[in-house]
Amino acid sequence: MTEAFREYFAFMEQLGQLLDRLTELEQEKTDAVRHDDLLGVDECMKQEQALSLSLRAMDRKRDTLLGGMGLRDVNLSGLVQHCPEEIRPEAKAAAEKLRDRYRLYRSAADVARTTLECNLHQIERLLENGVNFPMERGAFADIRA
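Residues numbered from 1 in each chain as written. Predicted model: local features only at pLDDT ≥ 70, side-chain atom pairs only at ≥ 80, totals over all residues. Heavy atoms only, no water.

Undergrad: Account for the packing of aromatic side chains, with residues named and values stated.
TA: A full pass over the atoms with the stated rule returns 3 aromatic pairs. Taking 6.5 Å as the distance between ring centres and 50 degrees as the angle between the ring planes, the aromatic pair formed by F5 and F9 counts as tilted. Of this pair, F5 and F9 both sit in helix α1 (residues 2-34), 4 residues apart, roughly one helical turn. Of the two residues, F5 and F9, neither departs from the other in class, the shared state being buried. (Phe/Tyr/Trp six-rings, centres within 6.5 Å; stacked < 30°, edge-to-face > 60°. Helix = DSSP H or I, 4+ residues; strand = E, 2+ residues; numbered from the N terminus. Buried < 20%, exposed > 50% of the residue type's maximum accessible area, 1.4 Å probe, protein only.)

Undergrad: Tell me about the side chain of E48, and please be specific about residues and values.
TA: With respect to the secondary-structure elements, E48 resides in helix α2 (residues 38-68). Polar contacts involving the side chain of E48 include one to the side chain of K29, which spans 3.1 Å. (Polar contact = N/O pair within 3.5 Å; in protein donor to acceptor, adjacent residues only side chain to side chain.)

Undergrad: Tell me about the confidence of the model for the protein, residues and numbers included.
TA: Of all residues in the protein, 90% have pLDDT values of 70 or greater, and the mean over the chain is 88. Of all secondary-structure elements in the protein, the lowest mean pLDDT belongs to helix α4 (residues 88-128), at 91, while α1 reaches the highest, 95. (pLDDT = per-residue confidence, 0-100.)

Undergrad: With reference to specific residues and values, describe the side chain of R101.
TA: With respect to the helices and strands, R101 occurs in helix α4. With relative accessibility at 11%, the residue R101 sits in the buried group.

Undergrad: So what's going on with unusual backbone geometry? Residues and values would help.
TA: One non-glycine residue, D36, adopts positive backbone phi at about 55 degrees. Overall, D36 belongs to the exposed group, its relative accessible area being 64%.

Undergrad: So what about the nonpolar core? Which residues, and what values?
TA: F5, Y8, F9, M12, L71, L79 and C83 are the most contacted members of the largest nonpolar core, which totals 27 residues. Secondary-structure elements contributing two or more residues to this core are α1, α2 and α4. Ranked by the residues each element gives to this core, the list is headed by α1, at 10 residues. When neighbours within four sequence positions are excluded, L71 is seen to be in contact with F5, L66, L79 and H82. The next biggest cluster of nonpolar side chains, apart from the first, holds 5 residues, and it includes A32, V33, V41 and L116. (Core = buried A, V, L, I, M, F, W, Y, C linked by side-chain atoms within 4.5 Å. Contact = heavy atoms within 4.5 Å.)

Undergrad: How would you summarise the packing of α1 against α4 if you had to cite specific residues and measurements?
TA: Relative to each other, α1 and α4 sit at 20 degrees, their axes nearing to 8 Å. As summarised for this structure, α1 and α4 are arranged roughly parallel, according to the angle between their axes. Considering the relative orientation of α1 and α4, their crossing is left-handed. For the contact of α1 with α4, the residue count by class is 18 nonpolar, 7 polar and 9 charged. (Axes fitted to C-alpha atoms, helices over the stretch in contact; angles between N-to-C directions. Parallel < 35°, antiparallel > 145°, perpendicular 65-115°, else oblique. Left-handed = near helix turned anticlockwise from the far one by under 90°. Nonpolar A, V, L, I, M, F, W, Y, C, P; charged D, E, K, R; others polar.)

So, in structure tokens, the structure goes:
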């Protein structure tokens, strides 16, 4: 049973690495927005979409791993109490590390969203004031968040 938990801890590390990459992308997207780099924003969003597919696959793997341990309905905060006593410190450390990585991601995502929203409001105000933007083919990226 201990091996199954250690496999799950390894899975949690992989998920954490994915969250780290998403955090980097959110930071890159924020920087691109601040520098009016629409192509950069678009590229970040494409990469985010690809990583979201990886997240879906990882969600299925999580269900499989937890199901194999008889913990299908156990969330991350309840994992430690279901572990064998000898690996509880390892479980606690893995869970805390993953939670920290998720918090960093959420923070970066919130900054990126707010930055995008502010820029969109500025564009709306310019349009309301009669500023015309060149509408060349491919001049603007789709920046829906």
